[in-house]
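Architecture and fold: a report
Each chain is listed here by its residues.
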Amino acid sequence: QLTMSSNSSILLNEENSQGPKRNTECLESLELQTPSSFQENPLQQLQLASQEVLEKAKKSGRSKCPQCSSSRMFYCYTCFVPVETVPTKEIPTVKLPLKIDIIKHPNETDGKSTAVHAKLLAPDDVTIYKYPCIPEYKEKRHEIALIFPGPDSVSVKDIAFHLQKYTKKSVCDNDDACSGEPLLKQAKIEPQEEKNLNDCISSNKSEGTGLKKIIFIDSTWNQTNKIITDERLQGLLQIELKTRKTCFWRHQKGKPDTYLSTIEAIYYFLVDYHQEILKESYKGQYDNLLFFFSFMYTLIKNAKCCAGKE
């Protein structure tokens with residue numbers, strides 16, 4: 001249930017001075033490590049915007065980033081913008097119910113990360129930080145959760161229950177009379193105060209648990225320990241995605257297929273959150289988060305099939 005990038009390599013974005021011809025050769029000859037689910041296309045049911053713009057860009061080859069002028073395919077993974085051959089107006093925009101912070105490991109190659117997909121497709125709701133540059137979360141930990149399969153992690157449907165204790169502590173921390181003394185010496189809470197606290201918790205549950213931000217780690221499993229043990233992330237509720245299987249074409253060798261790439265983890269969390277917490281029917285609202293991912297999946301799968309036939 002790794003919710004960080006499974007060494008997520010966007011093959012067409014790798015630096016290549018020989019242009020689109022070399023890119024095609026790489027796709028056809030690369031020995032891909034693919035999960036068993038790769039034999040079918042589980043992404044074909046997604047409700048996606050037209051990918052014609054990506055088809056055109058693929059045919060025309062690499063193009064310049066409008067900001068740094070680097071040669072890229074589809075988008076610039078350092079500036080988080082589409083290249084000149086991919087008009088921004090033709091890229092879908094996804095509105096998310098929560099803010100998302102992505103903490104990227106410094107050794108995670110920019111061109112191999114699917115985290116940039118989230119920034120491109122939900123620019124108003126996604127922020128990417130390169131470790132060790134991350135925010136301080138301690139003061140708002142009752143509003144924030146971390147996607148990570150730790151020993152104390154909980155499922156999405158249990159978020160409301162487990163965040164209650166964080167909400168209660170936050171109320172207490174903001175009360176001078178409460179926070180100034182050890183727990184055992186605190187004055188007894190009056191009935192009206194207790195009612196207000198319970199009303200606060202109940203209100204938070206009805207408003208999506210009071211959760212406002214989700215943190216994802218963009219890293220291979222072997223690199224993640226340095227980030228997950230950072231003191232700024234301690235004490236946050238950890239959430240685990242237990243039932244999803246990756247479609248990623250660079251799955252980590254020796255790891256189960258429940259280890260997701262970053263963009264997959266973001267997408268599947270939001271689908272579960274929409275259904276389990278917001279209690280709303282899911283009708284494809286976040287499918288376009290996989291706009292680039294699904295296109296790359298099909299492109300690489302077809303290249304693999306062609307290479308096998310040859």
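Residues numbered from 1 in each chain as written. Predicted model: local features only at pLDDT ≥ 70, side-chain atom pairs only at ≥ 80, totals over all residues. Heavy atoms only, no water.

In the nomenclature of an unreviewed UniProt entry, the protein chain is known as tRNA-uridine aminocarboxypropyltransferase 1 of Trogon melanurus. Per its UniProt entry, the protein chain bears the Subcellular location (unreviewed entry) comment "Nucleus". Within the UniProt record for the protein chain, the comment given under Catalytic activity (unreviewed entry) is "a uridine in tRNA + S-adenosyl-L-methionine = a 3-[(3S)-3-amino-3-carboxypropyl]uridine in tRNA + S-methyl-5'-thioadenosine + H(+)". (UniProt positions renumbered as here; feature names shortened; annotations may be inferred.)

1. Describing the overall build of the protein chain
Each helix and strand in the protein chain was counted, giving nine helices and nine strands. Buried positions account for 51% of the 310 residues belonging to the protein chain. The long-range fraction of contacts in the protein chain, counting pairs at least 24 apart against all pairs at least 6 apart in sequence, stands at 79%. Split by element, the accessible area of the protein chain, about 15800 Å² in all, is 46% carbon and sulfur. (Helix = DSSP H or I, 4+ residues; strand = E, 2+ residues; numbered from the N terminus. Buried < 20%, exposed > 50% of the residue type's maximum accessible area, 1.4 Å probe, protein only. Contact = heavy atoms within 4.5 Å. Areas by Shrake-Rupley, 256 points an atom, 1.4 Å probe, with all protein chains shown as cover.)

2. Here we look at the nonpolar core
Judged by nonpolar contacts, the single largest core of 59 residues is most densely connected at Phe269 and Leu289. Counting contributing residues, this core receives three or more from each of domain 1 (47-91) and domain 2 (93-164 + 209-309). Not counting residues up to four positions away in its chain, the partners in contact with Phe269 are Leu98, Ile147, Val156, Ile159, Ile214, Phe216, Ile239 and Leu241. Ile103, Ile144, Ile215 and Ile227 belong to the second-largest nonpolar core, a separate cluster that totals 13 residues. (Core = buried A, V, L, I, M, F, W, Y, C linked by side-chain atoms within 4.5 Å. Domains from an automatic or database assignment.)

3. Observations regarding the packing of aromatic side chains
Following the criterion strictly, the structure yields seven aromatic pairs and no others. Judged by centre distance (6.3 Å) and plane angle (75°), the rings of Phe216 and Phe269 are edge-to-face. Within this pair, whereas Phe216 is found in strand β8 (residues 213-218), its partner Phe269 is found in helix α8 (residues 262-276), the two being separated by 53 residues in sequence. Among the aromatic residues, ring-to-ring pairing joins Tyr75, Phe291 and Phe292 into one connected group. The residue whose ring lies beneath Arg72 is Tyr77, and the NZ or CZ to ring-centre distance is 4.1 Å. (Phe/Tyr/Trp six-rings, centres within 6.5 Å; stacked < 30°, edge-to-face > 60°. Lys NZ or Arg CZ within 6 Å of the ring centre and 35° of its normal.)

4. Considerations on the pattern of salt bridges
Inspection of the entire model under this criterion finds nine salt bridges. Here Asp125 ties to Lys95 by a salt bridge, and the two come within 3.3 Å at their closest N and O atoms. Placement of the pair is Asp125 in the loop between α3 (115-121) and β6 (126-130) and Lys95 in the loop between β4 (81-82) and β5 (99-104), with a sequence separation of 30 residues. The closest approach of N and O atoms between Lys130 and Asp110, which form a salt bridge, is 3.9 Å. Here Asp110 lies in the loop between β5 and α3 and Lys130 lies in strand β6, a separation of 20 residues in the sequence. Taking relative accessible area as the criterion, Lys130 reaches 41% and is therefore assigned partly exposed. In this structure Asp110 comes out as partly exposed when scored by relative accessible area, which is 24%. Connected through salt bridges with shared partners, the residues Lys95, Lys99 and Asp125 form a single ionic network. (Salt bridge = Lys/Arg side-chain N within 4 Å of Asp/Glu carboxyl O.)

5. Overview of the sheet that holds β8
The five strands are arranged β6-β5-β8-β7-β9 in an open sheet whose pairing can be described as parallel. Only two strands of the sheet have a single neighbouring strand rather than two, namely β6 and β9 (237-239). Ignoring strand direction, the axes of neighbouring strands in this sheet form an average angle of 25°. The pairing of strand β7 (residues 144-147) with β8 spans three bridges and is classified as parallel. Paired with Ile144 across the bridge in β8 is Lys213. (Pairing = 2+ DSSP bridges. Axes fitted to C-alpha atoms, helices over the stretch in contact; angles between N-to-C directions.)

6. What about the pairing of β6?
Note on strand geometry: in a regular strand, side chains alternate between the two faces of the sheet. As paired strands, β5 and β6 are joined by five bridges and run parallel to one another. Note on β6: the bridge partner recorded for Ile103 is Tyr129. Remark: the β5/α3/β6 crossover connection has right-handed handedness. (Right-handed = clockwise from strand over helix to strand, strands pointing away.)

7. Describing helix α2 (residues 52-60)
When we look at burial in α2, the residues that qualify are Val53, Leu54 and Ala57. Buried positions in α2, seen along its axis, are confined to an arc of 95° and lie on one side of it. Opposite the buried face of α2, by more than 90 degrees, sit the exposed residues Lys56 and Lys59. At the C-terminal side of α2, Gly61 shows a positive phi close to 85°. (Arc of directions from axis to C-beta.)

8. A look at α8
Between its first and last C-alpha atoms α8 spans 21 Å; for 15 residues at 1.5 Å apiece the expected length is 21 Å, and the two agree. Of all the 15 residues making up α8, 13 are buried; the element is thus mostly covered by neighbouring parts of the structure. (Expected span 1.5 Å × (residues − 1).)

9. As for the pairing of β7
Residue alternation in β7 divides its side chains into two sets, Ile144 and Leu146 and Ala145 and Ile147, and both sets are buried. Pairing of β7 with β9 involves three bridges; the strand directions are parallel. Counted as the bridge partner of Ile147 is Ile239 from β9.

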